[in-house]
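Read off the chains here:
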Amino acid sequence: MPKTRKQFGTADDIEIALYDAIGRADLEALMALWADDEEIVCIHPDGTRLIGYAAIRASWEEIFSRGGVHILPLQLHASHNLMSSVHNLIEAVYTTDGTQRDVHILATNVYVKTAAGWRIVLHHASTAPGKAKTELVASNVLH
């Protein structure tokens, strides 16, 4: 596991760092964001579920061998409490020349607050065809 790690004050801060590291294909920066826990989980759009630091690192290393993945996070929906934050968002995917691909990703990122600051414990991404539609949000809250 990484030796030097930045502390993140909020889940939003670590999410910015996540997409920055993915876009730069920076494996060390990306892996420093994960919790020190062998139960961490990453599910890539192909449906492969990876559990543990070594498996997750190996998968991102293979992805980054082709360069960075250019993603713009959109339409964030977040649920927070003092120790955890669940972010569900839509990711627009771009080619290296800046053209938006005819696919988007539905992603869920789960962060926990640890003694070392906020860390990722789950990244789950699923591919959806076409460009993202504007989300529908309920206007009434039911109790």
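All figures in this text were calculated on a predicted structure; none of them were measured in a lab.

Trainee: Describe in detail the sheet that holds strand β3 (residues 70-80), supporting the description with residues and values.
Mentor: Spatially, six strands are ordered β2-β1-β6-β5-β4-β3 in an open sheet, and the strand pairing comes out mixed. The sheet terminates laterally at β2 (49-51) and β3, the two strands that pair on one side only. Between one strand and the next, the sheet's axes are offset by a mean angle of 20°, whatever the strand orientation. Along the sheet, helix α1 (residues 11-24) makes contact with β3, β4 (84-94), β5 (100-114) and β6 (117-129), crossing β5 at roughly 135°. Here helix α3 (residues 53-64) sits on the sheet in contact with β1 (41-43), β2 and β6, set at roughly 130° to β2.

Trainee: How would you summarise the pattern of salt bridges if you had to cite specific residues and measurements?
Mentor: For the structure shown, the criterion picks out four salt bridges. A salt bridge links E28 to R57, with the nearest nitrogen and oxygen atoms 2.5 Å apart. One end of the pair, E28, is in helix α2 (residues 27-31); the other, R57, is in helix α3, with 29 residues separating them in the sequence. A relative accessible area of 46% places E28 in the partly exposed class.

Trainee: Tell me about the nonpolar core, residues and numbers included.
Mentor: Membership of the largest hydrophobic core comes to 32 residues, with the highest contact counts inside it found for L18, L30, L33, W34, I56 and W60. Top element by residues in this core is α1. It accounts for seven residues. What L33 contacts, discounting residues up to four positions off in sequence, is F8, I14, A17, L18, R119 and I120.

Trainee: If you had to explain unusual backbone geometry to someone new, which residues and values would you point to?
Mentor: The phi dihedral of A25 falls on the positive side, at around 55°, and the residue is not glycine. Judged by its relative accessible area of 24%, A25 falls in the partly exposed class.

Trainee: Any details on the packing of aromatic side chains? Residues and values, ideally.
Mentor: For the coordinates displayed, the defined rule picks out one aromatic pair. Taken together, a centroid distance of 5.4 Å and an interplanar angle of 45° make the contact between W60 and F64 tilted. Residue W60 and its partner F64 are located together in helix α3, separated by four residues, close to a single helical turn. Classification of W60 by relative accessible area gives buried; the value is 6%. We classify F64 as buried; its relative accessible area is 9%.

Trainee: Explain the environment of G23 to me, and be specific about the residues and the numbers.
Mentor: With respect to the helices, strands and loops of the structure, G23 is situated in helix α1. Residue classification places G23 among the partly exposed positions, given a relative accessible area of 25%. The spatial distance from the C-alpha of G23 to the C-alpha of G67 is 8.3 Å, given a sequence separation of 44 residues. Beyond its immediate stretch of four places on either side in the chain, G23 contacts G68, V69 and H70.

About the criteria used
Residues numbered from 1 in each chain as written. Predicted model: local features only at pLDDT ≥ 70, side-chain atom pairs only at ≥ 80, totals over all residues. Heavy atoms only, no water. Pairing = 2+ DSSP bridges. Helix = DSSP H or I, 4+ residues; strand = E, 2+ residues; numbered from the N terminus. Axes fitted to C-alpha atoms, helices over the stretch in contact; angles between N-to-C directions. Contact = heavy atoms within 4.5 Å. Salt bridge = Lys/Arg side-chain N within 4 Å of Asp/Glu carboxyl O. Buried < 20%, exposed > 50% of the residue type's maximum accessible area, 1.4 Å probe, protein only. Core = buried A, V, L, I, M, F, W, Y, C linked by side-chain atoms within 4.5 Å. Phe/Tyr/Trp six-rings, centres within 6.5 Å; stacked < 30°, edge-to-face > 60°.

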